[in-house]
Amino acid sequence: KALPLTPSPCVSKKAYYHHKSIITIKETMDESNPLLKFWSERWATETIGWHKEGVNEMLLKYFDVAVKNISSSNESLRVLVPLCGKTVDMKFLAQNDSVEEVYGVDGILKSLEMFSAENPEL
């Protein structure tokens, strides 16, 4: 599936793919654009000290409570993870029975490719 996106000045093309319950939206950006260059260089050198190996503690602690508050019926949820990088939170969400689809969005293509390579089962 693809979400309709508003093109930004630095978008050169779009590519979409779907892996079971994870939908990763890839916008191939001009990563030399000053808005993205810093982050592109960090991903290129894998200088990603902000990346956590485990699921976010607050997500683990409050996910069930949030689902109960958001969904009053047994309907499945769709979750958007902006600036997702290669967060394992997306895998956690995708494996939850309450979640139908997870949308990961990031401006740096390598982060999305790394997530896909590290989670081929999704």
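To be clear, the structure that these remarks concern was listed above.
Rules used throughout
Residues numbered from 1 in each chain as written. Predicted model: local features only at pLDDT ≥ 70, side-chain atom pairs only at ≥ 80, totals over all residues. Heavy atoms only, no water. Helix = DSSP H or I, 4+ residues; strand = E, 2+ residues; numbered from the N terminus. Buried < 20%, exposed > 50% of the residue type's maximum accessible area, 1.4 Å probe, protein only. Polar contact = N/O pair within 3.5 Å; in protein donor to acceptor, adjacent residues only side chain to side chain. 1 Å grid on protein atoms, 1.4 Å probe; cavity = no way out; pocket = protein on both sides within 12 Å on 5 of 7 lines; lining within 4 Å. Points joined across faces, edges and corners; volume = space filled by probe spheres on them. Nonpolar A, V, L, I, M, F, W, Y, C, P; charged D, E, K, R; others polar. Patch = residues over 30% accessible without salt bridge, like charges linked within 9 Å, V, L, I, M, F, W, Y side chains within 5 Å. Areas by Shrake-Rupley, 256 points an atom, 1.4 Å probe, with all protein chains shown as cover. Salt bridge = Lys/Arg side-chain N within 4 Å of Asp/Glu carboxyl O.

1. Concerning the environment of Thr87
- If you trace the backbone, Thr87 turns up in the loop between strand S3 (77–82) and helix H3 (89–94).
- For Thr87, a relative accessible area of 16% gives the class buried.
- For the pair Thr87 and Ser111, spaced 24 residues apart in sequence, the C-alpha to C-alpha distance is 9.0 Å.
- A polar contact is formed between the side chain of Thr87 and the backbone nitrogen of Asp89, at a distance of 3.1 Å.

2. Some words on the layout of surface pockets
- Of the volumes computed, that of the largest pocket is approximately 490 Å³.
- For the largest pocket, the lining is made up of 20 residues, of which Trp50, Leu83, Cys84, Gly85 and Asp106 are closest to its centre.
- Mapped by element, the contributors of at least two residues to the lining of the largest pocket are helix H1 (34–44) and strand S4 (99–106).
- The element best represented in the lining of the largest pocket is H1, accounting for three residues.
- Its residues assigned to classes, the lining of the largest pocket comprises nine nonpolar, six polar and five charged.

3. Observations concerning a nonpolar patch on the surface
- On the surface, a cluster of nonpolar side chains totalling about 320 Å² of accessible area is made up of Phe38, Trp39 and Trp50.
- Mapping Trp50 onto the fold places it in the loop between H1 and helix H2 (57–70).

4. Considerations on the pattern of salt bridges
- Applying the stated criterion across every chain, the model contains five salt bridges.
- The residue Glu121 makes a salt bridge to Lys91 at a minimum N-O spacing of 3.0 Å. Residue Glu121 is located in the segment after helix H4 (109–118), and its partner Lys91 is located in helix H3; the two are separated by 30 residues in the primary sequence.
- Looking at Glu121, the relative accessible area reads 36%, which means it is partly exposed.

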